[in-house]
Amino acid sequence: MRNASFDAMAMSDVPVNLSRRRFMLSSAGIAAGAFVLGLGVPQRSARAEATKLRGTKVPAFLEIRPDSMVRLQSPFVEGGQGTFTAMAQIVGEELDADPATFVVENAPPGDAYVVMDNGMRITGGSMSIRNGYSAMRRLGALAREMLLQAAARQFNVPVEELTTQPGRVVHAASGRSVAYGDLAHEAMSLPVPNPANVKLKEPEEFRWIGAPVPRVDVHDKSTGKVVYTVDVSVEGMLHAAVQHAPRLGMTIQGVRNEDQVRAMKGVHSTHRLPGAFAVVAERWWDAKRAAEAALIDWQEPGPDTTMRVMPADFSTEAFRKELADAHGPGEDAETRGDVVRGLKNAHTVVEATYASQYVNHAQLEPPSALARFNPDGALEVWVPNQAPDMFRADIAKRTGLPVEKIIIHSQMLGGFFGRHFLYETASPYPQAITLAKETGRPVKLIWSREEEFLRDTLRPMAAVRFRGGLDRNGIPVALEAVSATEGPTEGLNNKRGDRLDDSALEGLTGKSYDIPDRRIAQHFVKSPVMLGYWRSVGNSMNDFLYETFLDELADKGHQDPYELRLHLLRDNRRLTTLLKSVADLSGGWKRGPFTAADGSRRARGIGMASPFGSEAAAIAEVSLENGRVRVHEVWEAIDPGKVVNPAIVEAQVNGAIALGLSQVLLEETVYENGMPRARNYDGYPILALNQMPRVHVKIIESGEKMGGVGEPPLPAIPPAVVNAVSTLTGRRIRSMPLSRHDFAS
Amino acid sequence: MELTINGVQHHIDVEPDTPLLWVLRDDLKMTGTKYGCGLAQCGACTVLINGNAARSCVTPVGELGSAAITTIEAIEQDEIGQRVVAAWIRHQVPQCGYCQSGQVMAATSLLKQTPHPTDDDIRAVMVNLCRCGTYNAISAAIHDLAGDVGQEGAKK
């Protein structure tokens, strides 16, 4: 209750003098709470206010140092997507401080840092900028106002006579100015002004928002100075490695050579954990070698286990067939018109089953966690994460410690891609905490690459039964898609929810083509593998499935795939502009096959997607080399409404194209006998530099509601490539990756 | 055992088959060199040994003798390395950054060997993996340096 009132006082429109007293007293701790309670702020309005204006506790976010450097606690975790730089731009714009003067860090857990309009704190779903934009602008404006107030006192002039230049408050009338760094101490102890009265800049006044501002972290990242979780060390720390059970759900029955393992060089101790055997040593290399040397008898889980168990006979190949053969009406996710009537009245009906594959995250930084119990009873955990509050809550539940006693350190992430969500069986921190407790020392646990491939969560696999109806002119008038799959959220919960899992079907749903009768449905099939979110989630596969079937319909109806899309989008100005833009970017739509200047036969394909609030369209140009697909060029147009940093958007498009290509050309997680076949990159190849095509990016700022950027450029890529390959080879390709298909003949 | 790293002699007490990577990271606390795969697959652990790129995760320290080892920590003290870092900043190469220590070391090695690399040279030599997909920025930065170092230029 005290906290709720406390928040309300900071945010509501109480008289300034009261607010100021509140703030000054807040440093007195409990007294402040007592004081606030004494005011009798009504609880209900306090709650209402607290949810209305987020991210207004300026001193929690900002520290302006004597040299005017700005230290910003980012509510969003940086993992390559550029959010730290965008935060510096957005806050700096309203604060009037050059983003180059910012030092940005991951903020700790806590209500103060919940800034998203939806009341969550999670870095994911390409939500950070579009959901944090308003709050972070307001934060910068509030801080600027506090600096102005402090300068007004120092100069003894009315605040109205003051203005700012980057990093300075200026009193033009007297020619005086003062650096933010010289005002910060006083400014930050002033009351936070009423957010409702703070004026934000007009977009035409923007200096940094919308500009290709250099990233704040590039020098450190180019010189090895960034400290990822895997790099952290603390005094007295031991290193740990584990050997996991070959299949999830199994436990240790016995360790045949535990005494020998314990006697190996550098070994401190051995530990039996749920589903894993751990070795703690002075060096990680020693721990790893010892953990791998352990000869363990694993036992199957009992019938009463609540875990998601991996059966000994599970194979992805068999499961793929099971999904393809799974017949059922499915549950409606999205309907329009009457698909039964539409198909019945169609001139031609086309039926086909398309399939996706499991894929790994394969981020370059292997999972790790460092845990330390402090003498005061606090537990410190360094853990890669996308949602510090969720991790803290989970650790509290596991350890029985109150959240106040748990300190979470969120380092830079060595790759994002959805790997750092709270995946219980795919995260080393529970093990690290146990080991720290059992050894009485700080322990850093790193999973070897092999252990990571064994326990990583996978992007779901799906088989989609499509039925499409064409009219007598060959135009699609009805479309039904029933996806046999389990969504990642269903997988994480290990059960079906009350409603369908949007993340299973997005990309089949949400398409804008004007097909009057349609139905998208899910036929739920539970899978034994642990599922997770993978960059662009459901869209990463569903736009492939849909857009390649759309090309199949176009072929059956003797339509050009580009002209057909334009026709189906004829009443949608935004997507018509987008599609024409990508065609223009490629020098005009040219499907092929054609002979390129180097003599190779080539073709081009199109894909479109509407993921995470943005719109994307891509064209890919391919040829065949020794029976393998080579992608030469990719053109992509993206419309996220408006952008904060076009250079970072372009970098994200490049990155998403690389991951989309990697998926469609190469990637597939194969399980045999309940085990993943690949345990390292040698068995799970990912895109390399010599497979990267030239990339051409067009950013369209339509002015529509701001959408995401990190994920949206990916889903259009696989269908663009496969549609090009189908054109080139004259063969309809209905599954990924292309390395499964033999094009030599 | 004595190792010469970034021009400094270090005495270390480890088994000779311990990979250089773990001596750097755990004994010497030089964590700029990264662990990615342990199998010489990804290149995140790339260092220079006598000026040549090497995968430290599969390089036993016992085989190093008096070789001069350069790690990312000293890259800006190397004339070519400094230019590579400057180009990396100019082209805003890194995203998550985890592989970039290795990429910078590999590019430095390439330019030491081949001051004016062609596109084919770059494709043949720059084999380190990057999951963020910074490949085109890497190529552009190296092409930029190829033109920077000599007159011919290697741009397509």
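Predicted model only: the values in this text are computed from it and were never measured. (Residues numbered from 1 in each chain as written. Chains lettered and ligands numbered in written order. Predicted model: local features only at pLDDT ≥ 70, side-chain atom pairs only at ≥ 80, totals over all residues. Heavy atoms only, no water.)

## Some remarks on the packing of aromatic side chains
Each aromatic ring pair is characterised by the separation of its centres together with the angle its planes make.
Residues and elements named next belong to chain A.
Right, on to step 1. What the rule picks out here adds up to 18 aromatic pairs over all chains.
Right, on to step 2. Taking 5.0 Å as the distance between ring centres and 75° as the angle between the ring planes, the aromatic pair formed by Phe 61 and Tyr 113 counts as edge-to-face. Separated by 52 residues along the polypeptide, Phe 61 in helix H5 (residues 58-61) and Tyr 113 in the loop between strand E3 (102-106) and helix H7 (128-155) bring together distant segments of the chain. We note that Phe 61, like Tyr 113, is buried.
Right, on to step 3. One aromatic cluster is present, formed by Phe 314, Phe 319, Tyr 358 and Tyr 671 through successive ring pairs.
Right, on to step 4. In this structure, Arg 459 packs its charged tip against the face of Trp 534, placed 5.7 Å from the ring centre.
Right, on to step 5. In this structure, Lys 590 is placed above the aromatic ring of Phe 594, and the distance from its NZ or CZ to the ring centre is 4.1 Å. (Phe/Tyr/Trp six-rings, centres within 6.5 Å; stacked < 30°, edge-to-face > 60°. Helix = DSSP H or I, 4+ residues; strand = E, 2+ residues; numbered from the N terminus. Buried < 20%, exposed > 50% of the residue type's maximum accessible area, 1.4 Å probe, protein only. Lys NZ or Arg CZ within 6 Å of the ring centre and 35° of its normal.)

## As for H7(A)
Residues and elements named next belong to chain A.
Right, on to step 1. Helix length check: H7 (28 residues) gives 39 Å between terminal C-alpha atoms against 40 Å at 1.5 Å per residue, within 8%.
Right, on to step 2. Of all the bends in H7, the greatest measures close to 40° and is centred on Ser 134.
Right, on to step 3. In terms of residue burial, H7 counts as a mostly covered element, since 20 of its 28 residues are buried.
Right, on to step 4. Following H7 by one or two positions, Asn 156 adopts a phi angle in the positive range, close to 55°. (Expected span 1.5 Å × (residues − 1). Bend = angle between axes of the 7 residues up to and from the residue.)

## Some details on the domain arrangement of chain A
Residues and elements named next belong to chain A.
Right, on to step 1. As far as domains go, chain A holds domain 1 (53-219), domain 2 (230-302 + 367-446) and domain 3 (318-358 + 459-740).
Right, on to step 2. Spacing between the C-alpha centres of domain 1 and domain 3 amounts to 40 Å.
Right, on to step 3. Taken together, the contact between domain 1 and domain 3 spans 20 residues of the former and 17 residues of the latter.
Right, on to step 4. Listing elements by their share of the side of domain 1 that touches domain 3, those giving two or more residues are helix H6 (83-95) and H7.
Right, on to step 5. Element by element, the count of residues in the side of domain 1 that touches domain 3 is highest for H6, at 4 residues.
Right, on to step 6. Along the lines of polarity and charge, the residues of the side of domain 1 that touches domain 3 split into 9 nonpolar, 9 polar and 2 charged. (Domains from an automatic or database assignment. Contact = heavy atoms within 4.5 Å. Nonpolar A, V, L, I, M, F, W, Y, C, P; charged D, E, K, R; others polar.)

## Observations regarding helix H23 (residues 717-729) of chain A
All names here are of chain A.
Right, on to step 1. Across its 13 residues, H23 extends 18 Å between first and last C-alpha, which sits within 8% of the 18 Å expected from 1.5 Å per residue.
Right, on to step 2. Most of H23 is tucked away, with 12 of its 13 residues classed as buried.
Right, on to step 3. Residues of H23 that are buried include every one of Ile 717, Pro 718, Pro 719, Ala 720, Val 721, Val 722, Asn 723, Ala 724, Val 725, Ser 726, Thr 727 and Leu 728, and no others.
Right, on to step 4. Buried residues along H23 sit against helix H19 (539-556), helix H20 (561-568), strand E22 (601-609), strand E23 (615-625), strand E24 (628-639) and helix H22 (646-665).
Right, on to step 5. Where H23 terminates, the next one or two residues include Gly 730, which has phi positive at roughly 70°.

## Quick look at the domain arrangement of chain B
Residues and elements named next belong to chain B.
Right, on to step 1. Each domain of chain B was delimited in the assignment, giving domain 1 (2-74) and domain 2 (75-149).
Right, on to step 2. Computed over C-alpha atoms, the centres of domain 1 and domain 2 are 20 Å apart.
Right, on to step 3. At the interface, 19 residues of domain 1 touch 17 residues of domain 2.
Right, on to step 4. Both faces combined, the contact of domain 1 with domain 2 buries some 1400 Å², and carbon together with sulfur accounts for 56% of it.
Right, on to step 5. Of all residues in domain 1, Leu 48, Ile 72 and Ala 74 give up the largest surface area on contact with domain 2, accounting jointly for 34% of the area buried on that side.
Right, on to step 6. For the interface between domain 1 and domain 2, the tally reads 0 salt bridges.
Right, on to step 7. Connecting domain 1 to domain 2 are 11 residue pairs in polar contact (both at pLDDT 80 or more).
Right, on to step 8. Elements supplying a minimum of two residues to the side of domain 1 that touches domain 2: strand E3 (46-49) and strand E4 (52-55).
Right, on to step 9. Of the residues in the side of domain 1 that touches domain 2, the class split is 8 nonpolar, 8 polar and 3 charged. (Buried area = accessible area lost by both parts, 1.4 Å probe. Salt bridge = Lys/Arg side-chain N within 4 Å of Asp/Glu carboxyl O. Polar contact = N/O pair within 3.5 Å; in protein donor to acceptor, adjacent residues only side chain to side chain.)

## Details of the pattern of salt bridges
Residues and elements named next belong to chain A.
Right, on to step 1. By the definition in use, this model includes 62 salt bridges over all chains.
Right, on to step 2. For Arg 65, the salt bridge is made with Glu 63, and the minimal N-O distance between the two is 3.8 Å.
Right, on to step 3. Overall, Arg 65 belongs to the partly exposed group, its relative accessible area being 28%.
Right, on to step 4. The partner of Glu 633 in a salt bridge is Arg 694, with the nearest N and O atoms 2.8 Å apart. Placement of Glu 633 in strand E24 and of Arg 694 in strand E27 (residues 694-699) is noted, with a sequence separation of 61 residues between them.
Right, on to step 5. The exposure class of Glu 633 is buried, given its relative accessible area of 9%.
Right, on to step 6. Through salt bridges with shared partners, a single ionic network connects Lys 511, Asp 543, Glu 547, Asp 551 and Arg 565.

## Remarks on the sheet that holds strand E9 (residues 267-273) of chain A
Residues and elements named next belong to chain A.
Right, on to step 1. Taking strand neighbours across the sheet as the criterion, the 7 strands line up as E9-E10-E7-E17-E14-E15-E16 in an open arrangement whose pairing is mixed. Only two strands of the sheet have a single neighbouring strand rather than two, namely E9 and strand E16 (406-409). Taken pair by pair, the neighbouring strands of this sheet meet at an average axis angle of 20°, ignoring direction.
Right, on to step 2. Of the strand pairs in this sheet, strand E14 (residues 368-373) and strand E17 (residues 443-446) are connected by 4 bridges, and their pairing is antiparallel. Bridging across to E17, Ala 371 finds its partner in Val 443.
Right, on to step 3. Where helix H11 (residues 284-293) meets the sheet, its contacts fall on strand E7 (238-244), E9, strand E10 (276-281) and E17, and the angle it forms with E7 comes to roughly 25°. (Pairing = 2+ DSSP bridges. Axes fitted to C-alpha atoms, helices over the stretch in contact; angles between N-to-C directions.)

## Concerning the interface of chain A and chain B
Right, on to step 1. Opposite the 63 residues of chain A that make contact, chain B presents 49 residues.
Right, on to step 2. The largest contributions to the chain A side of the interface with chain B come from Arg283(A), Leu364(A) and Leu689(A), which together make up 17% of the buried area.
Right, on to step 3. The tally of links between chain A and chain B comes to 6 salt bridges.
Right, on to step 4. Of the charged contacts in the structure, one is a salt bridge between Asp231(A) and Arg25(B), with a shortest N-O distance of 2.9 Å.
Right, on to step 5. Taken together, the links from chain A to chain B amount to 28 residue pairs in polar contact (both at pLDDT 80 or more).
Right, on to step 6. For the side of chain A that touches chain B, the elements supplying multiple residues, two or more each, are helix H9 (218-222), H11, helix H16 (449-455), H22 and E27 of chain A.
Right, on to step 7. Broken down by element, the side of chain A that touches chain B gets its largest block of residues, 7 residues, from H22(A).
Right, on to step 8. Of the residues assigned to the side of chain A that touches chain B, the class counts are 28 nonpolar, 21 polar and 14 charged.

## Structural notes on the sheet that holds E3(A)
Residues and elements named next belong to chain A.
Right, on to step 1. Read from one edge of the open sheet, 3 strands run E1-E2-E3, paired in mixed fashion. What marks the edges here is a single partner per strand, and that holds for strand E1 (62-64) and E3. Looking at each pair of strands side by side, their axes are set apart by 15° on average, direction ignored.

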